[in-house]
Amino acid sequence: MNSQDKVQKLIDLREKARKGGGKKRIEVQHSKGKYTARERIQILLDEGSFEEYDMFVTHRTHDFGMEAQHYLGDGVITGHGTIDGRVVYLYAQDFTVFGGSLSETHAAKICKIMDQAMKVGAPVIGINDSGGARIQEGVRSLAGYAEIFERNILASGVIPQISAVFGPCAGGAVYSPALTDFILMSDKTSYMFVTGPRVTKTVTGETISTEALGGAQMHASQSGLAHLLAKDEEEGLLMIRKLLCYMPQNNLEDPHVTECNDPIDRLDDALNEVIPDNSNEPYDIKDVIFAIVDNQEFFEIHRQYAMNIVVGFAKFNGIPVGMVANQPNHMAGVLDIEASRKAARFVRFCDCFNIPIVTLVDVPGFLPGSAQEHGGIILHGAKLMFAYGEATVPKVTITLRKSYGGAHDVMSSKQLRGDINYAWPTAEIAVMGPKGAIEILEGKALKSIEEREEAQRFIEEKEQEYKEKFANPYEAASFGYIDDVIEPRNTRFRIVRALRTLASKKEMNPPRKHTNIPL
Ligand code: HXC
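Here's a quick rundown of the structure. (Residues numbered from 1 in each chain as written. Predicted model: local features only at pLDDT ≥ 70, side-chain atom pairs only at ≥ 80, totals over all residues. Heavy atoms only, no water.)

Before going further, it helps to spend a moment on the site of the ligand. Near the ligand you find 19 residues, and of these Arg-25, Lys-32, Gly-99, Gly-131 and Ala-133 are the closest. Between Gly-99 and the ligand, the recorded distance is 2.9 Å, taken from a backbone N or O atom to an oxygen atom. Within the backbone of Ala-133, an N or O atom sits 2.8 Å from a nitrogen atom of the ligand. At the level of elements, α5 (139-155) and β6 (168-170) are the ones that each hand at least two residues to the shell around the ligand. Per-element accounting of the shell around the ligand gives the leading share, 3 residues, to α5. Each residue belonging to the shell around the ligand can be placed in one class, and the counts come to 10 nonpolar, 6 polar and 3 charged. (Near = heavy atom within 4 Å. Polar contact = N/O pair within 3.5 Å; in protein donor to acceptor, adjacent residues only side chain to side chain. Helix = DSSP H or I, 4+ residues; strand = E, 2+ residues; numbered from the N terminus. Nonpolar A, V, L, I, M, F, W, Y, C, P; charged D, E, K, R; others polar.)

So, in structure tokens, the structure goes:
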């Protein structure tokens, strides 16, 4: 073979590898409304930036007729490329080859790029579309999964890890995405479960569809496993590109600051009137978020899950931040189990990757009731408190309206190392709301009043007295718990200045092996 033939052989082999499991299987993939692994990579990465590794790897199995079936790449495409010019490592499982199932060599390819991403300090993106463990390989496949899991764990908090699920992801295969920072699922074409509908029926007698058991909608709104729900794969891949622009390459870097063309001193008069006169009336916290962030751009995480708290990424003068905000429009913005877990996880992500946290507070307290108590609200609420309290990134807190009881302490209060805590003049910072407080404080006096109207008048008077004393920001400000009471329309500027001031903040936690967050 002369050198020209040798080059031709390389070209032919590459061509063969790019065909994956062949034309027919690619057609089947397309007929399900799905892209192939290579098409996905093309949408995800900057044009022409993909460098593929291990294209010539094949499996080493000799059982079940596998010795006669070899596909170059062995069902997963791995390598690196760039997104907006920044390096990312990635793998994309190829369902057209053995259903994207995970063999020993398939796992080794994934591990190789994860190891290199750790050395380089670059994010890893995994695109999952797989029938799970390669059945013909048995225990070697299980070992391969565990190799990946261990790397997911060691990479946690060191490099951002993002999972897209664009097809089946079942059995033990679910745990690699579950160990990563963000999971994105495509609507109607993806599912995740530990055991599928058939086994569920056998074991529990329950009849349930794949979609209802582990579809994207369910995970985005009920289990909270999916942080992002995309209407299709293309939207999902573009969402991942966007998501990455808010985070640094690794835990030793700061997030990437971009140029900002939105004036930092832009006043928004509407904010002075956004809080309704009646403090029990709802309003949409997202109106406030959109009004204060750069160019009204807010990248929401967990949009469909625990909607009583809103979390997501935004920028202030080009500085990426994590936003956490109670949502009065949903369950009055109360903190419950789901909301606490959702926000805690988000706060911890931001802290891992040096992303400052801006918190907007309007919280009536923790949700009462046996369902919450029996479900462990104490433990879950403690997660959020723990997350805020251990976070060393800059923390700016604005109290818009209610900030009551334990929820006040939890929501990035001064004593949980809130760096800069401002309040609007509409803030109500107290142990509890006026109604509950008066019922407890004046219970005996109330019992002695027989006349209904007189009792009502008495309650109103006492509530008014309580409101004047506590349901305002000035009591907290008089103790220095609130650094300043600010005009709502000036909020954007005050946050920008706070973040600028805190940019050089250094805070360390005591040395230890790791914390013991209440799980
Ligand atoms: C080997 C597999 C495979 C697997 C699919 N294929 N799953 N090959 N190992 N796990 C192959 C099929 O034989 C077929 O090959 C091709 O992939 C496409 O599969 P289809 O069944 O035709 O596709 P579809 O109808 O879309 O169904 C997809 C599916 C189904 C629902 C995922 O394939 C399925 O149920 N697969 C088995 C899932 C499973 O039980 N996996 C093991 C889970 S246990 P041809 O040649 O016909 O194209 C597990 C433990 C991990 O994962 C533990 C880690 C800790």
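That covers the picture; the talk isn't over yet.
The contact between helix α16 (residues 434-441) and helix α18 (residues 452-470) brings their axes to 9 Å, and the two run at 115°. With respect to the hand of their crossing, α16 and α18 are arranged in right-handed fashion. Taken together, the residues of α18 that come into contact with α16 (itself represented by Pro-434, Lys-435, Ala-437 and Ile-438) are Ile-459, Lys-462, Glu-463, Tyr-466 and Lys-467. In the contact of α16 with α18, the residues fall into 5 nonpolar, no polar and 4 charged. (Axes fitted to C-alpha atoms, helices over the stretch in contact; angles between N-to-C directions. Left-handed = near helix turned anticlockwise from the far one by under 90°. Contact = heavy atoms within 4.5 Å.)

This part takes up a negative patch on the surface. There is a patch of like negative charges on the surface, built from Glu-450, Glu-451, Glu-453 and Glu-454. The class of Glu-450 is exposed, set by a relative accessible area of 80%. (Patch = residues over 30% accessible without salt bridge, like charges linked within 9 Å, V, L, I, M, F, W, Y side chains within 5 Å. Areas by Shrake-Rupley, 256 points an atom, 1.4 Å probe, with all protein chains shown as cover. Salt bridge = Lys/Arg side-chain N within 4 Å of Asp/Glu carboxyl O. Lys, Arg positive; Asp, Glu negative; His and termini not counted. Charge placed at Lys NZ, Arg CZ, Asp CG, Glu CD. Buried < 20%, exposed > 50% of the residue type's maximum accessible area, 1.4 Å probe, protein only.)

Next up on the list: the pattern of salt bridges. By the definition in use, this model includes 33 salt bridges. Here Asp-262 ties to Arg-492 by a salt bridge, and the two come within 3.9 Å at their closest N and O atoms. Taken together, the positions of Asp-262 in the loop between α10 (233-244) and α11 (285-292) and Arg-492 in helix α20 (residues 491-502) put the pair 230 residues apart, joining distant regions of the chain. According to the relative accessible area criterion, Asp-262 is buried, its value standing at 9%. Since its relative accessible area comes to 1%, Arg-492 is described here as buried. Between Arg-401 and Asp-362 there is a salt bridge, with the nearest N and O atoms lying 2.9 Å from each other. With Arg-401 in strand β14 (residues 395-404) and Asp-362 in strand β13 (residues 357-363), the pair connects residues that are 39 residues apart, well separated along the chain. Take Arg-401 and Asp-362: they sit in the same class, and that class is buried. Members of the salt-bridge network, linked through shared partners, are Lys-34, Arg-40, Asp-129 and Glu-233.

Attention shifts here to the packing of helix α4 (residues 104-120) against α5. Following both chains from N to C, one finds α4 and α5 inclined at 15°, their axes separated by 8 Å at the closest point. Judged by the inter-axis angle, α4 sits roughly parallel to α5. Read as a crossing pair, α4 and α5 show a hand that is left-handed. Side by side, α4 and α5 meet where Glu-104, Ala-107, Ile-110, Cys-111, Met-114, Asp-115 and Met-118 of the first sit next to Arg-140, Gly-144, Glu-147, Ile-148, Arg-151, Asn-152, Leu-154 and Ala-155 of the second. Grouping the constituent residues of the contact of α4 with α5 by class yields 8 nonpolar, 2 polar and 5 charged. (Parallel < 35°, antiparallel > 145°, perpendicular 65-115°, else oblique.)

Counted by the stated rule, this structure contains 13 aromatic pairs. The interplanar angle of 20° and the centroid separation of 5.0 Å between the aromatic rings of Tyr-191 and Phe-193 together place this pair among those described as stacked. When the ring of Phe-290 is compared with that of Phe-298, the centres are 6.3 Å apart and the planes differ by 80°; the resulting orientation is edge-to-face. Look at Phe-290 and you get partly exposed, because its relative accessible area is 30%. Feature note: the residues Phe-182, Tyr-246, Phe-299, Phe-313, Phe-346, Phe-349 and Phe-353 constitute an aromatic cluster, connected by ring pairs. Positioned above the aromatic ring of Tyr-246 is the side chain of Lys-315, whose terminal nitrogen or guanidinium carbon lies 5.8 Å from the ring centre. Taking NZ or CZ as reference, Arg-494 lies 4.7 Å from the ring centre of Tyr-422, over its face. (Phe/Tyr/Trp six-rings, centres within 6.5 Å; stacked < 30°, edge-to-face > 60°. Lys NZ or Arg CZ within 6 Å of the ring centre and 35° of its normal.)

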